[in-house]
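Chain residues, written in single-letter form:
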Amino acid sequence: MCALVVVCRTLCRFSVHRLRMKIPQGSVISTRDCSQAGNGRNPLRWDLCPDEIRTMTDSLIARVKKVYDDVGALQIESVSVENTLEALANAKLDYASSRHVLDFPQYVFPNKEVRSASTEADKKLSEFDVEISMREDVFKRIVALQKRFPDNPASEEKRFLDRLVTLGQRKGLHLSKEIQQEVKRTSKLISELSIEFNRNLNEDNTFLVFSEHELGGLADSYLNGLEKTAEGKYKVTLEYPNYYPLMKRCHNPETRRKMETAFHSRCKQVNTAILEQLIQHRAKVADLLGYSSHANYVLEINMAKHASNVSDFI
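Every chain's residues receive numbers from 1 upward, in the order its sequence appears when written. Side-chain atom pairs in this predicted model are given and counted only at pLDDT of 80 or more, local residue features only at pLDDT of at least 70, and totals for whole chains, interfaces and linings cover all residues. Excluding hydrogens and water, the side-chain values take into account all heavy atoms of the structure.

The chain has a UniProt comment under Sequence similarities (unreviewed entry) that states "Belongs to the peptidase M3 family." UniProt positions are given in the numbering used here, feature names are shortened, and annotations may be inferred rather than shown by experiment.

## Section: the packing of aromatic side chains
Between the rings of Phe, Tyr and Trp (Trp by its six-membered ring), a pair exists once the centres lie within 6.5 Å; its type follows the angle of the planes, with under 30 degrees stacked, over 60 edge-to-face, and the other angles tilted. One pass over the structure, following the stated rule, counts eight aromatic pairs. Geometrically, the ring pair formed by Tyr243 and Phe263 is stacked, given 3.8 Å between the ring centres and 10 degrees between the ring planes. Residue Tyr243 is located in helix H11 (residues 240–249), and its partner Phe263 is located in helix H12 (residues 253–263); the two are separated by 20 residues in the primary sequence. Here a set of aromatic residues connected by ring pairs shows up, and it is made of Tyr240, Tyr243, Tyr244 and Phe263. Note on criteria: charge over ring means Lys NZ or Arg CZ within 6 Å of the ring centre, with the direction from the centre no more than 35 degrees off the ring normal. Over the face of the ring belonging to Phe263 we find Arg266, whose NZ or CZ atom lies 3.9 Å from the ring centre. Runs of E in the DSSP output that reach at least two residues are strands. Runs of H or I that reach at least four are helices, and both are numbered from the N terminus.

## What to know about the side chain of Asn200
Relative to the helices and strands, Asn200 is located in helix H9 (residues 177–202). Using a 1.4 Å probe on the protein chains alone, a residue whose accessible area is under 20% of its type maximum counts as buried, one over 50% counts as exposed, and one in between counts as partly exposed. Overall, Asn200 belongs to the buried group, its relative accessible area being 16%. Polar contacts, as used here, are pairs of N or O atoms within 3.5 Å; protein pairs need one atom able to donate a hydrogen and one able to accept it. Residues neighboring in sequence count only if both atoms are side-chain atoms. Within the structure, Asn200 has its side chain in polar contact with the side chain of Asn271 (distance 2.9 Å). In this description, contact between two residues means that some pair of their heavy atoms is separated by no more than 4.5 Å. Non-local contacts of Asn200, meaning those with residues more than four positions away in its chain, are made with Cys267, Val270, Asn271 and Ile274.

## Describing the pattern of salt bridges
Every case where a carboxyl oxygen of Asp or Glu lies within 4 Å of a side-chain nitrogen of Lys or Arg is listed as a salt bridge. All chains considered together, the criterion is met by 23 salt bridges. Residues participating in the shared-partner salt-bridge network are Lys65, Asp69, Arg135 and Asp137.

## Things to note about the sheet that holds strand S1 (residues 207–210)
Two strands are counted as paired when DSSP detects at least two bridges linking them. Strand order across the open sheet formed by three strands is S1-S3-S2, with antiparallel pairing between neighbours. Pairing within the sheet leaves two strands with one partner each, and these edge strands are S1 and strand S2 (227–228). Two elements, S1 and strand S3 (residues 234–237), share four bridges in a ladder whose sense is antiparallel. When the bridges of S3 are listed, Phe210 appears paired with Tyr234. Sheet contacts for H12: S1 and S3; angle to S1, the most-contacted strand, approximately 170 degrees. Under this scheme, a helix contributes an axis fitted over its contacting stretch, all axes are lines through C-alpha atoms, and angles between N-to-C directions fall in the 0 to 180 degree range.

## Remarks on the nonpolar core
Generally speaking, soluble globular proteins have nonpolar side chains that are buried together. Core analysis: the biggest nonpolar cluster contains 48 residues, and Ile53, Val64, Leu85, Leu88, Leu102 and Ile142 have the highest contact counts within it. When contributions to this core are tallied by element, the ones reaching two or more residues are helix H3 (50–72), helix H4 (81–103), helix H6 (112–133), helix H7 (136–148), helix H8 (156–169), H9 and helix H13 (268–288). Here this core gets eight residues from one element, more than from any other, and that element is H4. Sequence-distant contacts of Ile142, defined by excluding residues within four places in its chain, comprise Leu88, Leu161, Leu164 and Val165. For the purposes of this section, nonpolar cores are sets of buried Ala, Val, Leu, Ile, Met, Phe, Trp, Tyr and Cys residues that join through side-chain atoms within 4.5 Å. Membership of the second largest hydrophobic core comes to 16 residues, among which are Leu208, Leu218, Leu223 and Ala262.

## Let's talk about the pairing of S3
Of the two faces of S3, only one is covered, namely that formed by Tyr234 and Val236; the face formed by Lys235 and Thr237 stays uncovered. In terms of strand pairing, S2 meets S3 through two bridges, oriented antiparallel. Opposite Lys228, over in S3, you have Tyr234 as the bridge partner.

## A few points about unusual backbone geometry
The phi dihedral of Cys267 falls on the positive side, at around 50 degrees, and the residue is not glycine. The topology assignment puts Cys267 in the loop between H12 and H13. According to the relative accessible area criterion, Cys267 is buried, its value standing at 17%. Not every positive phi belongs to a glycine, and Lys305 is a case in point at roughly 75 degrees. Within the secondary structure, Lys305 sits in the loop between helix H14 (294–299) and helix H15 (307–313). Relative accessible area serves as the criterion here: at 48%, Lys305 is assigned to the partly exposed category.

## Quick look at the packing of H4 against H7
Packing of H4 against H7 leaves a shortest axis separation of 11 Å and a crossing angle of 120 degrees. Relative to H7, the element H4 lies oblique. The element H4 and its partner H7 pack so that their crossing is left-handed. Of the residues in H7, those touching H4 at Val81, Thr84, Leu85 and Leu88 are Val138, Ile142 and Leu145. Considering only residue class, the contact of H4 with H7 consists of six nonpolar, one polar and no charged. The scheme is simple: roughly parallel for angles under 35 degrees, roughly antiparallel for over 145, roughly perpendicular for 65 to 115, oblique for anything else. In this scheme the crossing of two helices becomes right-handed for a clockwise turn of the near helix relative to the far one and left-handed for an anticlockwise turn of less than a right angle. Note that Gly is not counted as nonpolar here; it falls among the polar residues with everything else outside the nonpolar set of Ala, Val, Leu, Ile, Met, Phe, Trp, Tyr, Cys and Pro and the charged set of Asp, Glu, Lys and Arg.

## So, the packing of H11 against H12
With their axes 10 Å apart at the nearest point, H11 and H12 run at an angle of 140 degrees to one another. Relative to H12, the element H11 is oriented oblique. For the element pair H11 and H12, the recorded crossing hand is left-handed. Counted together, Tyr240, Tyr243, Leu246 and Met247 of H11 and Thr255, Arg256, Met259, Glu260 and Phe263 of H12 form the full contact between these two elements. Considered class by class, the residues forming the contact of H11 with H12 number six nonpolar, one polar and two charged.

As structure tokens, this is what we get:
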């Protein structure tokens, strides 16, 4: 949920009289969960079925798309903080707070159907991410507002506005239509491959077999939670609840070595092929946008700024 925390902290620092953000009606807040939270704004849901995930995903996309459509349809000369910046800020808050309820179950839910629905939601939302990030009509209105905005670097609104313009430029929205379309197409491929990479890891069912002696140092509660083979040995999966306690507490170095090797070799063949494609696609996007490498593209908006600074530091 780290991304949600960052977005909420950033957006909620806006001046109260300028950007008063509210969770719009129709978001995934559950009244039964609100009573537990005490603040009436707890959007977390852990009881979603596959159909609910699909319905909420479509609803979220429709809500946010309408906001972007409305902003994109504004007359350039009529853009303002209220109808552009505030509208986008509210949409981003709604999107961030609602999205994680839909794409997080794929990592933790015991029911495979729910995990699959969450993965499909992640795919659909990731493709939507690319779509809204490549809205040239919205970008033009943000740039127009930036040109008319008071030059006050200490203003939260100004910082948010400048950030939106920077992110638009990093998507190539100031470049030709041809470059924009290629960036958009490649970005969608990157998104699809990334989700496939993670799904392979999430659905991996590899396990190693150890004797009780090989699992020395681990508590009875840990051992009792493991399946056993017909010979009475223990099946240890590479899932986090099995992997981390073993690596931390097992007295046998050879057992830890086998687990560490297996853990970092999960889905090695299929994910290596995906990773090679991701490297090529990311390098392509960086090149299209005028960067010498993907590393320089990523670091530009971070503290390091450039790959050479990282190399010098190391």
